[in-house]
Amino acid sequence: MSVLVYTESSKGIFKKNTPELVSYGSELSKKIGVELFVLVFNVEDCSMLSQYGATNILKVDNDGLNLFENKTYSNVITKAANKINASHVVLSSSADSKYLAPSLCVELDAGYLSNVVELPSSISPFTVKRTCYSNKALSDSTIESNIKIIGLSNNSYGVVENKTETKIHDFDVALIDKQIEIKSIEKASGKISIADADVVVSGGRGLKGPENWNLIEDLAETLGAATACSKPVSDMGWRPHSEHVGQTGKPVATNLYIAVGISGAIQHLAGINSSKVKVINNDPEAPFFKAADYGVVGDAFEVVPKLNEKLKAFKS
Amino acid sequence: MKILVCISHVPDTTSRINFSNQDTAFDSSGVQYVINPNDEFGLTRAMWFKEKQSASVDVINVGTSLTEPTLRKTLAIGADQAFRIDSDPKDGFFVAKQITEFLKSNSYDLIIAGRESIDYNGAMVPGMIASMNNMNFVTNCVKLDINENIATLEREIDGGKEILSCSLPLVIGGQKGLVEESDLRIPNMRGIMQARQKPLNVIPAFDCELKTKSVKYYKPAERNEVKLIPSDNLDQLIDLLHNEAKVL
C-alpha cells in the first residue's frame, strides 16, 4: 500500500497547487502509515517538493507528455499506481485532473470523490468531507473500493512546510497512441486564471456596460488578481463565459474575492462560498452583503478608482 | 447520427438546500426539480444536430418515477424517446454502470452528458461511460461540431481553451458555451402535446456495487455579520484586509 500524488506541470514548471497537494498527500500517508510517492512529469528540478514532505518522487521524462491528453496521461498514472501498489491516489481539482479522474477510476477499479476539503476523519471506512450541492452544502462521504481516488479542492487544506529527505526514482514508461488530436491551445498570456489566482476581482451588471471593465481590470492588475463576472454579464456577452463565476460557471476558492456591482443571487453565492469576500455595491439591501465579510456601500465608479489608488500606495 | 443525452434531475438552481432524516438525506419538500443545467446545454445542442444534420436524439435518466416530468420536458423540447432506468442514482459509478448495461443493446455515435450535476457535483458519469465503453471522451466541452464522423471540439482549460479533434463514437461532458443561455428552449404547447405520445421506456436497474456513499450532510458555517466600511474611509478597509483578514 502507498499514497500516490499526481502533480501537474506545464513547460517544466509545477502548477501552483503543487505544494498544497504534496502537503496533503504527505499527511495522508502518515495518517494511514504507508509510503508516499509523488508523480512528476517532465520537471527537471523537483527539489522544492522536499519542502512539503515528498519522501519519494516518481519521475517520468518523456516528450510525449509535453501536452496534456487525457487517455495518455491516465494510462501513465495507472501504470505508476500499479508499480507502487497505490491504495490512495491524490489529484487536484484543476480542469485537467477532473478530466483524468473518471478514466482513472475505471482503469484502477477505484472510487473517486471530487471537491474533498479535509484529511479523512476515518481510515476505515475511508471517510472524507467534500462540498456538494454546488457549495451550498458539505457531506461526509465514504469510498468503498480498495483503491481510493481523492480530488482535493484548491486552497482547502493549505500548504504545510515539512522538510524531508527525498529519494528520486526514474520511471520509464511506454506511451499509448493518442486518440484525440490537439489542434491548438489558446491561453490568455499575461493573465492569471481564476483557477490559479489568490485574489479575484469580479464585476456585475452594476458596472453598466463592458466599456467600464477597465475599473475591474485596473484593480485586478494592482492586486495581481484574476478577473471574473456574474452570470448576466456573461449571458449579455459583456465578458467571456470562461469568466462566469457561480453554479453553472466556475467555482472560486481564493483567499479574497472582491465583488463589484453584483447583487449576489444564490447561484452566484454558491460559486464563492469558500473565499473571504468583499463587496462594493450601491444598494445596501443587496443580498451579497449577507454573504460577505467586508462591504462598502457606495458608487462603484467612485469607490473602485479610489480604492485602486490607495492599494497602489499600500503595495509600494 | 444517433445521439444519447444523459439527463440528471436536480433541484432548481435557486433552491435552498436542506436535509432530513438526521441530515442523511436531501429534503425535497418545496423543491422544484429541473433538467441539470449542464445537461440542458447539451440537449439543446443535440436539437441543433437533429434539425441541421438529421440526427436522432434519445435521452436517458437513472432515477425513480419522480423524474418523469423532467424526462417529459426533454421530449417536449424535441427528444425522440426517453429511457428511464428505474433506481435511485446511488453514485456516479452506479449510474455509469447502468448506462453501460443499456449500451449493450443500444448503440450511439455521440453521448452527451453535463460536465457535472449541480447537486452531487461528482463529475464522474461521462468520463466513466467513455472508459467503460472504450469511446473517446472530452469534458468541459464548450463547442462541438461534427462532420462525417469527425468531431471538432473546444475544451475549456484553466486560463484558456483547447481545440481538439477526434473520431466518433464520442462522449462529451458539456457546459454553457455548447449553446448560449438564450438558445435554451421553453417547450411550446405543440411540443408538450407531442411529448405525451412519445415513448418513455422504463428499464429495471441491475444489481451493482457502489464505490462511494454519502453518509451525512452539513450546511456551510454561517458567515459572521458583514463589516461595513464607509466609502470615504477606504484606508480602514485596507487595514482590515491586511491585518485582520490577512489577505493582502
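Residues numbered from 1 in each chain as written. Chains lettered and ligands numbered in written order. Predicted model: local features only at pLDDT ≥ 70, side-chain atom pairs only at ≥ 80, totals over all residues. Heavy atoms only, no water.

Of the regular secondary structure elements, chain A holds seven helices and 17 strands. A compact globule built from 316 residues would reach a C-alpha radius of gyration of about 20 Å, and chain A, at 21 Å, matches this within 12%. With the C-alpha coordinates of chain A rotated into their principal frame, the extents come out at 60 × 40 × 40 Å. Sequence separation of 24 or more characterises 64% of the internal contacts of chain A that already satisfy a separation of 6 or more. For chain A, the accessible area works out to roughly 12200 Å², and carbon and sulfur atoms hold 48% of it. Averaging the positions of the 32 positive and the 36 negative side-chain charges in chain A gives two centres separated by 3 Å. (Helix = DSSP H or I, 4+ residues; strand = E, 2+ residues; numbered from the N terminus. Rg over C-alpha atoms; globule rule 2.2 N^0.38 Å. Contact = heavy atoms within 4.5 Å. Areas by Shrake-Rupley, 256 points an atom, 1.4 Å probe, with all protein chains shown as cover. Lys, Arg positive; Asp, Glu negative; His and termini not counted. Charge placed at Lys NZ, Arg CZ, Asp CG, Glu CD.)

To continue, consider the environment of B:Gln53. Residues and elements named next belong to chain B. Mapped onto the elements of the fold, Gln53 is located in helix H1 (residues 37–53). For the pair Gln53 and Asn147, spaced 94 residues apart in sequence, the C-alpha separation works out to 9.3 Å. Each residue touching Gln53, except ones within four places of it in the same chain, is listed here: Met1, Trp48 and Ile146.

Looking now at the sheet that holds strand S7 (residues 81–86) of chain B. Backbone-to-backbone hydrogen bonds pair the strands of a sheet. The strands run either parallel or antiparallel. The mixed open sheet is built from 10 strands, whose spatial order is S12(A)-S11(B)-S10(B)-S9(B)-S12(B)-S8(B)-S1(B)-S6(B)-S7(B)-S13(B). Edge positions in the sheet fall to strand S12 (181–187) of chain A together with strand S13 (200–204) of chain B, since each of these pairs with one other strand and no more. The sheet shows a mean angle of 30° between the axes of neighbouring strands, taken without regard to direction. Each of strand S9 (136–147) and strand S10 (150–157) of chain B touches helix H3 (residues 95–108) of chain A; the most contacted strand, S10(B), lies at about 125° to it. (Pairing = 2+ DSSP bridges. Axes fitted to C-alpha atoms, helices over the stretch in contact; angles between N-to-C directions.)

This paragraph deals with the domain arrangement of chain A. Residues and elements named next belong to chain A. By the assigned domains, chain A splits into domain 1 (2–170) and domain 2 (199–315). Look at where the C-alpha atoms of domain 1 and domain 2 centre, and you get two points 32 Å apart. Each partner contributes residues to the interface: domain 1 has five residues there, and domain 2 has eight residues. For the pair domain 1 and domain 2, the number of links is zero salt bridges. In this assembly, domain 1 and domain 2 are joined by three residue pairs in polar contact (both at pLDDT 80 or more). Here the residues of the side of domain 1 that touches domain 2 sort into no nonpolar, four polar and one charged. (Domains from an automatic or database assignment. Salt bridge = Lys/Arg side-chain N within 4 Å of Asp/Glu carboxyl O. Polar contact = N/O pair within 3.5 Å; in protein donor to acceptor, adjacent residues only side chain to side chain. Nonpolar A, V, L, I, M, F, W, Y, C, P; charged D, E, K, R; others polar.)

This part covers the pairing of strand S13 (residues 199–203) of chain A. Walk down a regular strand and you will see the side chains alternate between the two sheet faces. Residues and elements named next belong to chain A. Within S13, five of the five residues are buried, which leaves the element mostly enclosed by the surrounding structure. Where burial is concerned, the two faces of S13 agree: the one with Val199, Val201 and Gly203 and the one with Val200 and Ser202 are both buried. Where S13 meets strand S14 (residues 226–229), four bridges bridge the pair, whose relative direction is parallel. Looking at S14, one finds that Ser202 is bridged to Ala228. The β-α-β motif built from S13, the intervening helix H4 (residues 214–223) and the parallel element S14 has right-handed crossover chirality. (Buried < 20%, exposed > 50% of the residue type's maximum accessible area, 1.4 Å probe, protein only. Right-handed = clockwise from strand over helix to strand, strands pointing away.)

Bringing the nonpolar core into the picture now. Note on soluble globular proteins: their nonpolar side chains tend to be buried together. Core analysis: the largest hydrophobic core is formed by 92 residues, its most contacted members being A:Leu4, B:Leu144, B:Leu153 and B:Leu170. Top contributing element to this core by residue count: helix H3 (residues 92–103) of chain B, with seven residues. If we skip the residues at most four places from it in the chain, B:Leu144 touches B:Arg45, B:Phe49, B:Leu110, B:Ala151, B:Thr152, B:Leu153, B:Leu170, B:Ile172 and B:Leu178. With 32 residues, the next largest nonpolar core counts A:Ile258, A:Leu307, B:Leu234 and B:Leu237 among its residues. (Core = buried A, V, L, I, M, F, W, Y, C linked by side-chain atoms within 4.5 Å.)

Contact with chain B, which involves 75 residues of that partner, is made by 82 residues of chain A. Buried surface at the junction of chain B and chain A, both sides included, amounts to about 7100 Å², of which 57% is carbon and sulfur. Area buried by chain B at its contact with chain A is led by B:Asp158, B:Lys211 and B:Arg223, which between them contribute 11% of it. In this assembly, chain B and chain A are joined by 10 salt bridges. The closest approach of N and O atoms between B:Glu116 and A:Lys98, which form a salt bridge, is 3.9 Å. (Buried area = accessible area lost by both parts, 1.4 Å probe.)

Turning next to H1(B). Residues and elements named next belong to chain B. With 17 residues, H1 should cover 24 Å at 1.5 Å per step; its first-to-last C-alpha distance of 24 Å lies within 8% of that length. In terms of residue burial, H1 counts as a mostly covered element, since 12 of its 17 residues are buried. Those residues of H1 that fall on the buried side of the exposure criterion are Pro37, Asn38, Asp39, Glu40, Phe41, Gly42, Leu43, Thr44, Arg45, Ala46, Met47 and Phe49. (Expected span 1.5 Å × (residues − 1).)

Glancing now at the environment of B:Val57. Residue and element names in this part refer to chain B. When you line up the elements, Val57 lands in strand S6 (residues 56–63). For Val57, a relative accessible area of 0% puts it in the buried group. A C-alpha to C-alpha distance of 4.8 Å links Val57 and Ile3, two positions 54 residues apart in sequence. For Val57, the contacting residues outside a window of four places in its chain are Ile3, Val5, Leu43, Ala46, Met47, Lys50, Ala79, Asp80 and Gln81.

Further remarks concern the pairing of S10(B). All names here are of chain B. Of all eight residues in S10, six are buried; the element is thus mostly enclosed. The pairing of S10 with strand S11 (residues 160–167) spans eight bridges and is antiparallel. Across the sheet, the residue bridging to Ile150 is Ser167, located in S11.

As for its placement among the helices and strands, B:Lys211 is situated in the loop between S13 and strand S14 (212–218). Looking at B:Lys211, its side chain comes within polar contact range of the side chain of B:Glu209, at 3.4 Å. Residues in contact with B:Lys211, not counting those within four places in the same chain, are A:Asp109, A:Ala110, A:Gly111, A:Thr142, A:Ile143, A:Glu144, A:Ser145, B:Asp91 and B:Phe93.

Within the open sheet, the six strands sit side by side as S14(A)-S13(A)-S15(A)-S16(A)-S17(A)-S15(B). Their pairing is parallel. Each having just a single partner strand, S14 of chain A together with strand S15 (227–228) of chain B make up the two edges of the open sheet. Relative to strand S16 (residues 276–281) of chain A, strand S15 (residues 256–260) of chain A runs parallel, the two being bridged by five bridges. Looking at S16(A), one finds that A:Val260 is bridged to A:Ile280.

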